[in-house]
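# Coordinates in review
Spelled out from the first residue to the last, the chains are:
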Amino acid sequence: MATRRSDTGRHLSGRLSSRVPAWSRFVVAAPVLGLFVGSVTLVALASLEVVRAVRGVLRGELAKLAAVLEFIEIADVFLLATVLYIMALGLYQLFIDDSLPLPGWLEVHTLDDLKEKLVSVVVVVMAVLFLGYLIGGAPAEELMQRGVGIALVTAALGYFLAKKAH
C-alpha cells in the first residue's frame, strides 16, 4: 500500500513538474499584451496628430518647414509604435505560439532574431530623430553632439549585429 501511494505521488509530481514549465510561458502574455496595447495607443495618438497636422496645413497655420517637422515627429511615433509591435509579436512567437502566419522578415524563432529586428528599427528611429534636428535648424554644436551620439550608438549596434552574425 505504501508503494502505491508513493507511485501516485511521484506520478502527480511528475505531471505537475512537466506542466508548470509548459504553462509558465504564458507569464509572457502580460508583456505581450502591454506592448501591443502600447503600440495601438501610439498609433492612435500619431493618427490624431496626422489629422491635426493636415488640418493645420489646410488652414494655413503650419508653414512648410513646420509641417515637415511635424510629420517627422509623427513618423518617429509611428516607428516607436512599430518597435513595440515587433517586440510583442516576437515575444509571442518565442514563448506562446511559433506558428503565426507572418511574412518571413517578421518571423522570430530565437531571441537573437528579435534583437536583430529591434536593433534595425532603433537605428531607423534614431536616423529619423536626427533628421528632425537637422531640418529643425538645431545649432551646429548641438547637431554635432547629437550626431556623434547617434553615430556611436549606431556603430555599437552595428558591431553587436556583426558579432552575432559570426
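For the structure itself, consult the block above.
Residues numbered from 1 in each chain as written. Predicted model: local features only at pLDDT ≥ 70, side-chain atom pairs only at ≥ 80, totals over all residues. Heavy atoms only, no water.

### A word on the overall build of the protein chain
Note the cut-off: Only DSSP runs of H or I covering at least 4 residues are called helices, and only runs of E covering at least 2 are called strands; the numbering of each starts at the N terminus. Remark: exposure states derive from per-residue accessible area (1.4 Å probe, protein chains only) relative to the maximum for the residue type, with buried under 20%, exposed over 50%, and partly exposed in between. The contact criterion used throughout is that any non-hydrogen atoms of two residues lie within 4.5 Å.
In terms of regular secondary structure, the protein chain is built from 5 helices and 0 strands. Looking at the protein chain as a whole, 22% of its 166 residues are labelled buried. For the protein chain, contacts bridging at least 24 residues in sequence account for 65% of all contacts bridging at least 6.

### Let's talk about the packing of aromatic side chains
The relative placement of two aromatic rings is captured by the distance of their centres and the angle of their planes. The condition that has to hold: Planes of paired rings set the category: under 30 degrees apart is stacked, over 60 is edge-to-face and the rest tilted, where pairs are Phe, Tyr or Trp rings (Trp by its six-membered ring) whose centres lie within 6.5 Å. Here, a charge over a ring is recorded when the distance from Lys NZ or Arg CZ to the ring centre is within 6 Å and its angle to the ring normal is within 35 degrees.
Under the definition given, this model contains 1 aromatic pair. Ring centres 6.4 Å apart and planes at 50° place the aromatic pair Phe36 and Tyr85 in the tilted group. Taken as a pair, Phe36 in helix α2 (residues 29-58) and Tyr85 in helix α3 (residues 64-95) lie far apart in primary sequence, 49 residues in all. Judged by relative accessible area, which is 39%, Phe36 ranks as partly exposed. The ring centre of Tyr133 lies 4.0 Å from the NZ or CZ of Arg146, which sits over that ring.

### What about the pattern of salt bridges?
Operational definition: Any carboxyl oxygen of Asp or Glu within 4 Å of a side-chain nitrogen of Lys or Arg constitutes a salt bridge here.
Going through the model one piece at a time under the given rule, you end up with 3 salt bridges. The residue Asp112 makes a salt bridge to Lys115 at a minimum N-O spacing of 3.8 Å. Of this pair, Asp112 and Lys115 both sit in helix α4 (residues 111-135), 3 residues apart, which is roughly one turn of the helix.

### Points about α2
Helical geometry: 3.6 residues make up each α-helical turn, so side chains three or four residues apart lie on a common side. Put simply, the rule is: Here, expected helix span is obtained from the residue count minus one, scaled by 1.5 Å.
In a regular helix each residue adds 1.5 Å, so 30 residues correspond to 44 Å; α2 covers 43 Å between its end C-alpha atoms and thus fits that length. Of all the positions in α2, only Val32, Leu35, Ser39, Ala46, Ala53 and Gly56 are classed as buried. Lining the buried residues of α2 we find α3. Two residues or fewer after α2 comes Gly60, characterised by a positive phi angle close to 80°.

### Re the packing of α3 against α4
Two quantities define a packed helix pair, namely the angle between the axes and the distance from one axis to the other. Just so we agree on the cut-off: Note on geometry: axes are lines fitted to C-alpha atoms, helical ones only across the stretch in contact, with angles between N-to-C directions running from 0 to 180 degrees. The cut-offs work like this: below 35 degrees is roughly parallel, past 145 is roughly antiparallel, 65 to 115 is roughly perpendicular, and the gaps in between are oblique. Only Asp, Glu, Lys and Arg are considered charged in this grouping, and only Ala, Val, Leu, Ile, Met, Phe, Trp, Tyr, Cys and Pro are considered nonpolar; every other residue, Gly among them, is considered polar.
At a minimum axis distance of 9 Å, the contact between α3 and α4 shows a crossing angle of 170°. The angle between the axes of α3 and α4 places the two elements in the roughly antiparallel class. Looking at the contact of α3 with α4, its residues break down into 22 nonpolar, 2 polar and 2 charged.

### Focus on the side chain of Lys117
Put simply, the rule reads: Two residue types count as positive, namely Lys and Arg, and two as negative, namely Asp and Glu; His and chain ends fall outside the count.
Structurally, the position occupied by Lys117 is in helix α4. Although buried, Lys117 forms no salt bridge, and the nearest oppositely charged side chain, Asp113, lies 5.9 Å from it. Excluding residues within four positions of it along the chain, Lys117 makes contact with Ile86, Trp105, Leu106, Glu107 and Val108.

### What to know about the packing of α2 against α3
How we decide: Handedness of a crossing is defined here by the sense of rotation of the near helix relative to the far one, left-handed for an anticlockwise turn of less than a right angle and right-handed for a clockwise turn.
The interhelical angle for the contact between α2 and α3, taken along N-to-C directions, is 165°, at an axis separation of 8 Å. The orientation of α2 with respect to α3, classified from their angle, is roughly antiparallel. The handedness of the crossing between α2 and α3 comes out as left-handed. Here the contact of α2 with α3 is built from residues that sort into 24 nonpolar, 3 polar and 2 charged.

### A closer look at a nonpolar patch on the surface
Inclusion rule: Here the term patch refers to residues with relative accessible area over 30% and no salt bridge, with like charges joined within 9 Å and nonpolar side chains (Val, Leu, Ile, Met, Phe, Trp, Tyr) within 5 Å. Using a 1.4 Å probe, the Shrake-Rupley method yields the accessible areas, and only the shown protein chains count as cover for residues.
Taken together, the side chains of Leu33, Phe36, Val37, Val40 and Tyr85 present a nonpolar region at the surface, about 440 Å² in accessible area. Considering every element that reaches the nonpolar patch, the biggest residue donor is α2, with 4 residues. As for its position among the elements, Leu33 is in helix α2. Assessed through its relative accessible area of 53%, Leu33 is described here as exposed.

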